[in-house]
Amino acid sequence: MPSNKPLPIPENFAERARTGATIPELETEFSVSSDTIKRWRRVTGTRLCDLGLLSKTNLPKAPQSLPPPPEVQVIRPQIYAPRKYRGTTRPQVQVLCLSDPHAGAITPSYNPGVFKTRMKDLYHGVTLIRSLHAKQHPIEKLVIFCLGDVVQGENVGYQMSLDEYAYSVYDQCYKLWLPAAVEFIENLLGQYSSIEWYGVKGNHGLGGNRIASRSTNWDMVAQQALMNTLGGNKRITFKLEPTEFYLIVPVLKWKWMLLHGDARSFQAAPDYMVNRRMAEWELSLGVDGFAMGHWHRTELRWPRKSPIVLSGTLKSHDEYSLRYYGSSAIPSQATFGCHMDRPITWFYRLDLGR
């Protein structure tokens, strides 16, 4: 009686099946039926030969070496030739914005002694910038935009408390501001061939009685005293505006509008109102640039054709700024270069608070 027990799979069957032996060849080699061969292939996982996918003629070829990678494209950028700088033959004018010294003010970090020190630091900052740029182009003229609040004033209770004043307003002008300003200008004349001083008034120099003429302002007294002292020197010229709130001055071919910055339209929102009002002045007055102080900030804005230069202050730890704006001003002033092609060629914020 025949046995139903399946035949064991020979040890070399799987290897022979994988090398491409056909079913008839395996029947002959192992002396079994085709059904047995097919069962063995199912068990050993070599069933592909049943489907004709593996044979002696279609066995997988031995792996060949990978094809060489495509040739890398070499990027050859165009090499630019830098333009030659012509500054050595084209002189420029340096402009200093002198704003809000507040001579005579007292704060936890500012007093008459600090005022004198910062005026000296301002001299060193201005002349250092000149020495750097003079290596590229001649700088022989310095233009000073004096933008107001040169003295603290004497409006006790209206602008400041009594303990924020070191001297009376007379002493602020003649015993503090005037000696320091004369020393400042005399030293600058040792570095520049000529100096032009243009001055407007600020709001701290207003008289205590608000019913007064428009020229009643201690800023004008202080600047007039400086002009009277140095007016005999032909290397320095002065132009002051005692009545109007602004002064338009030429620097090379550019028209600059100087103002302190306390005009009524500025009070509510300085950032928005400054840009809006100056856009109107740009059209109505035909100016090429603006310079202002009052806000104790030093920055350069260029929202339209005409740049806006805001100059800072010599004063530090300002209680008014801390109370109403949340931060005190960093003592600084602005200086920039000007030439015939552009109203501003370079701009620096001179840090005086170190």
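All values derive from a computational prediction rather than experimental measurement.

Criteria and thresholds
Residues numbered from 1 in each chain as written. Predicted model: local features only at pLDDT ≥ 70, side-chain atom pairs only at ≥ 80, totals over all residues. Heavy atoms only, no water. Axes fitted to C-alpha atoms, helices over the stretch in contact; angles between N-to-C directions. Helix = DSSP H or I, 4+ residues; strand = E, 2+ residues; numbered from the N terminus. Parallel < 35°, antiparallel > 145°, perpendicular 65-115°, else oblique. Left-handed = near helix turned anticlockwise from the far one by under 90°. Contact = heavy atoms within 4.5 Å. Nonpolar A, V, L, I, M, F, W, Y, C, P; charged D, E, K, R; others polar. Phe/Tyr/Trp six-rings, centres within 6.5 Å; stacked < 30°, edge-to-face > 60°. Buried < 20%, exposed > 50% of the residue type's maximum accessible area, 1.4 Å probe, protein only. Expected span 1.5 Å × (residues − 1). Polar contact = N/O pair within 3.5 Å; in protein donor to acceptor, adjacent residues only side chain to side chain.

> Break down the packing of helix 5 (residues 169-188) against helix 6 (residues 218-230) for me, with residues and values.
Where helix 5 contacts helix 6, the axes come no closer than 9 Å and their chain directions differ by 45°. Judged on the interaxial angle alone, helix 6 and helix 5 are oblique. By crossing handedness, the relation of helix 5 to helix 6 is classed as right-handed. Residues Val169, Cys173, Tyr174, Trp177, Leu178, Ala181, Val182, Ile185 and Glu186 of helix 5 lie in contact with helix 6, whose contacting residues are Trp218, Val221, Ala222, Gln223, Ala225, Leu226, Thr229 and Leu230. When its residues are assigned to classes, the contact of helix 5 with helix 6 shows 14 nonpolar, two polar and one charged.

> Give a description of the packing of aromatic side chains that names residues and reports values.
Both the distance between ring centres and the angle between the ring planes are used here to describe each pair of aromatic rings. By the definition in use, this model includes eight aromatic pairs. With a centroid separation of 6.0 Å and 50° between ring planes, the pair formed by Phe145 and Trp256 is classed as tilted. One end of the pair, Phe145, is in strand 2 (residues 139-146); the other, Trp256, is in strand 6 (residues 254-259), with 111 residues separating them in the sequence. Comparing Phe145 with Trp256, the two get one shared label, buried. Taking 5.0 Å as the distance between ring centres and 65° as the angle between the ring planes, the aromatic pair formed by Phe245 and Tyr246 counts as edge-to-face. The exposure class of Tyr246 is partly exposed, given its relative accessible area of 25%. Grouping aromatic residues by their ring pairs yields a cluster made of Phe145, Trp256 and Phe336.

> Describe in detail the environment of Thr298, supporting the description with residues and values.
By secondary structure assignment, the location of Thr298 is in the loop between strand 7 (289-292) and strand 8 (299-301). We classify Thr298 as buried; its relative accessible area is 12%. Considered as a pair, Thr298 and Thr335 are 37 residues apart in the sequence and their alpha carbons are 9.8 Å apart. Beyond its immediate sequence surroundings of up to four residues, Thr298 is in contact with Leu310, Ser311, Gly312, Ser332, Gln333, Ala334, Phe347 and Arg349.

> Break down the side chain of Gln94 for me, citing the residues and quoting the values.
As for its position among the elements, Gln94 is in strand 1 (residues 92-98). For Gln94, the contacting residues outside a window of four places in its chain are Val126, Ile129, Arg130, Ile139, Lys141, Leu142, Val143, Tyr192, Thr335, Phe336 and Trp346.

> I'd like to hear about the packing of helix 2 (residues 23-30) against helix 3 (residues 34-44), residue by residue, with values.
Viewed as axis vectors pointing N to C, helix 2 and helix 3 meet at an angle of 105°, and their least axial separation amounts to 9 Å. Considering their axes alone, helix 2 and helix 3 lie roughly perpendicular with respect to each other. Two secondary-structure elements touch here, helix 2 through Ile23, Leu26, Glu27 and Phe30 and helix 3 through Ser34, Ile37, Lys38, Trp40 and Arg41. Residues belonging to the contact of helix 2 with helix 3 are distributed by class as follows: five nonpolar, one polar and three charged.

> So, the environment of Lys234: which residues are in play, and what are the values?
Among the structural elements, Lys234 can be located in the loop between helix 6 and strand 4 (236-240). Spatially, the C-alpha atoms of Lys234 and Ile195 are 9.5 Å apart, while their sequence positions differ by 39 residues.

> Provide a residue-level description of unusual backbone geometry, including the pertinent values.
In this structure, Leu252 takes a positive phi of about 55° despite not being glycine. You can see Leu252 is positioned in the loop between strand 5 (246-251) and strand 6. Judged by relative accessible area, which is 39%, Leu252 ranks as partly exposed. The backbone phi angle of His296 is positive, close to 55°, even though this residue is not glycine. With respect to the element layout, His296 can be found in the loop between strand 7 and strand 8.

> Kindly report on helix 4 (residues 112-133), identifying the contributing residues and their values.
End to end, helix 4 covers 32 Å across 22 residues, agreeing with the expected 32 Å (1.5 Å per residue, within 8%). Residues of helix 4 that are buried include every one of Pro112, Phe115, Arg118, Met119, Leu122, Tyr123, Gly125, Val126, Thr127, Ile129, Arg130 and His133, and no others. The inward-facing, buried residues of helix 4 abut strand 1, strand 2, helix 5, strand 10 (332-338) and strand 11 (347-351). Between the side-chain oxygen at the start of helix 4 and the backbone nitrogen of Gly113 there is a gap of 3.0 Å, and the oxygen is on Asn111.

Structural measurements only, silent on function.
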